[in-house]
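Working through the structure, step by step
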Amino acid sequence: MARTIVVTSGKGGVGKTTSSAAIATGLALRGKKTAVIDFDIGLRNLDLIMGCERRVVYDFVNVINGEATLNQALIKDKRCNNLFILPASQTRDKDALTHTGVKRVLTELHDMGFDYIICDSPAGIEQGALMSLYFADEAVITTNPEVSSVRDSDRILGLLDSKSLRAEQGLEPVKQHLLLTRYNPARVNTGEMLSVEDVEEILHIPLLGVIPESISVLNASNKGVPVIHDDLSDAGLAYSDTVDRLLGEEKPFRFLTEEKKGIFKRLFGG
């Protein structure tokens, strides 16, 4: 039975799509058959970060409308045999997503033997975002360590507890995880940024991962390669740890403290 996980937040620009790509890739690298769906109808960025934008022929809305089969629309990742991408439409309205259509696609993915379905949510609380979380079993709440981002994430927690199918049917609540992105310990120490403890105290959900602020994330996005493939970067390692925790492994949290500069760095900069 596939686990449906939504990667969501209230605020835009916090790294949801980067995180969706990294988590889906990490699961596939660990042998899990994984599909990642872009719910951001009208914009579509997931295919760029996954490096498959030129291979998009059919999209999520085409499948919902019966204009293509799911097999026609799914794009197999070039690097991972177990990973498939279902891109969003750039030309349709967000109202093209319906409960019936989304349910049919998710059911078909279940029937195709997928282990994980990652739903990449758009920002905010409009139709695409609500639809991405409606059928979720679990949610990765992605937030930056700043007050506005954390406040908006708190709103999403309220929606998960009230607007999901599990909430409607009185089932076990959507399991919630906290993913803190663009974390900079030096800025935390100067009071420019909330600490991990500050965010945990506000949101009260279990910490899944802390992704350090890193130029490698931007470089990976520009290359169309999920940053988790860069196992020499702090961000790539942090995402790898995050996936391991999602699979139930115990992993210590890294990159939470400011790196002390050695004598050469202090003398010559860097």
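Below you will find a few notes about this structure. (Residues numbered from 1 in each chain as written. Predicted model: local features only at pLDDT ≥ 70, side-chain atom pairs only at ≥ 80, totals over all residues. Heavy atoms only, no water.)

The next thing to look at is the overall build of the chain. Looking only at helices and strands, one finds 13 helices and 8 strands in the chain. Taking the principal axes of its C-alpha atoms as reference, the chain extends roughly 65 × 40 × 35 Å. Going through the 270 residues of the chain one by one, you find that 52% of them count as buried. Within the chain, contacts between residues at least 6 apart in sequence are counted, and of these 74% link residues at least 24 apart. If the 31 positive side-chain charges of the chain are averaged to one point and the 37 negative ones to another, these points end up 4 Å apart. (Helix = DSSP H or I, 4+ residues; strand = E, 2+ residues; numbered from the N terminus. Buried < 20%, exposed > 50% of the residue type's maximum accessible area, 1.4 Å probe, protein only. Contact = heavy atoms within 4.5 Å. Lys, Arg positive; Asp, Glu negative; His and termini not counted. Charge placed at Lys NZ, Arg CZ, Asp CG, Glu CD.)

Turning next to the nonpolar core. Phe60, Leu86, Val102 and Leu109 are the most contacted members of the largest nonpolar core, which has 50 residues in total. It is helix α7 (residues 147-163) that provides the largest number of residues to this core, a total of 5 residues. Counting 33 residues, the second-largest nonpolar core is a separate cluster that includes Ile5, Cys52, Val140 and Leu179. (Core = buried A, V, L, I, M, F, W, Y, C linked by side-chain atoms within 4.5 Å.)

A separate point is the sheet that holds strand β1 (residues 3-8). Strand order across the open sheet formed by 8 strands is β3-β4-β2-β5-β1-β6-β7-β8, with mixed pairing between neighbours. The sheet is open, and its two edges are formed by β3 (75-76) and β8 (207-212), each paired on a single side. In terms of strand pairing, β3 meets strand β4 (residues 83-86) through 2 bridges, oriented antiparallel. Paired with lysine 76 across the two strands is phenylalanine 84, which belongs to β4. (Pairing = 2+ DSSP bridges.)

Okay, the layout of surface pockets next. Of the voids in this model, the largest pocket is the one considered here, and its volume is about 450 Å³. Lining the largest pocket are 26 residues, and of these Gly13, Gly15, Lys16, Thr17 and Thr18 sit closest to its centre. Listed by contribution, the elements that provide at least two residues to the lining of the largest pocket are α1 (16-29), α2 (46-49), β7 (175-183), β8 and α11 (215-223). (1 Å grid on protein atoms, 1.4 Å probe; cavity = no way out; pocket = protein on both sides within 12 Å on 5 of 7 lines; lining within 4 Å. Points joined across faces, edges and corners; volume = space filled by probe spheres on them.)

β1 sits mainly inside the fold: 5 of its 6 residues count as buried. Bridging between β1 and strand β5 (residues 116-120) involves 5 bridges; their strand directions are parallel. Note on β5: the bridge partner recorded for valine 7 is aspartate 120. Two strands pair when backbone bridges link them, and β1 and strand β6 (residues 138-143) are joined in this way by 4 bridges, in the parallel orientation. Paired with isoleucine 5 across the two strands is glutamate 138, which belongs to β6.

Before going further, it helps to spend a moment on α11. Ser216, Val217 and Ala220 are the residues of α11 that are buried. The arc that holds every buried residue of α11, seen down its axis, measures 105°, which confines them to one face. Counted as exposed and oriented over 90 degrees from the buried face of α11: Ile215 and Asn222. Tucked inside the fold, the buried residues of α11 contact α1 and α12 (234-246). (Arc of directions from axis to C-beta.)

The next thing to look at is the side chain of asparagine 184. Looking at where asparagine 184 falls in the secondary structure, it is placed in the loop between β7 and α9 (185-189). Using a relative accessible area of 18% as the deciding quantity, one classes asparagine 184 as buried. Side-chain polar atoms of asparagine 184 contact the backbone nitrogen of alanine 186, separated by 3.0 Å. In this structure asparagine 184 touches Met193 and Glu213, once residues within four positions along its chain are discounted. (Polar contact = N/O pair within 3.5 Å; in protein donor to acceptor, adjacent residues only side chain to side chain.)

Another aspect to go through is the pattern of salt bridges. Inspection of every chain in the model, using the stated rule, returns 11 salt bridges. A salt bridge links arginine 79 to aspartate 77; its shortest N-O distance comes to 4.0 Å. Between arginine 187 and glutamate 192 there is a salt bridge; the shortest N-O distance is 3.6 Å. Three or more residues joined by partner-sharing salt bridges are found here, namely Arg30, Asp244 and Lys251. (Salt bridge = Lys/Arg side-chain N within 4 Å of Asp/Glu carboxyl O.)

Any functional reading would require information beyond the geometric quantities listed.
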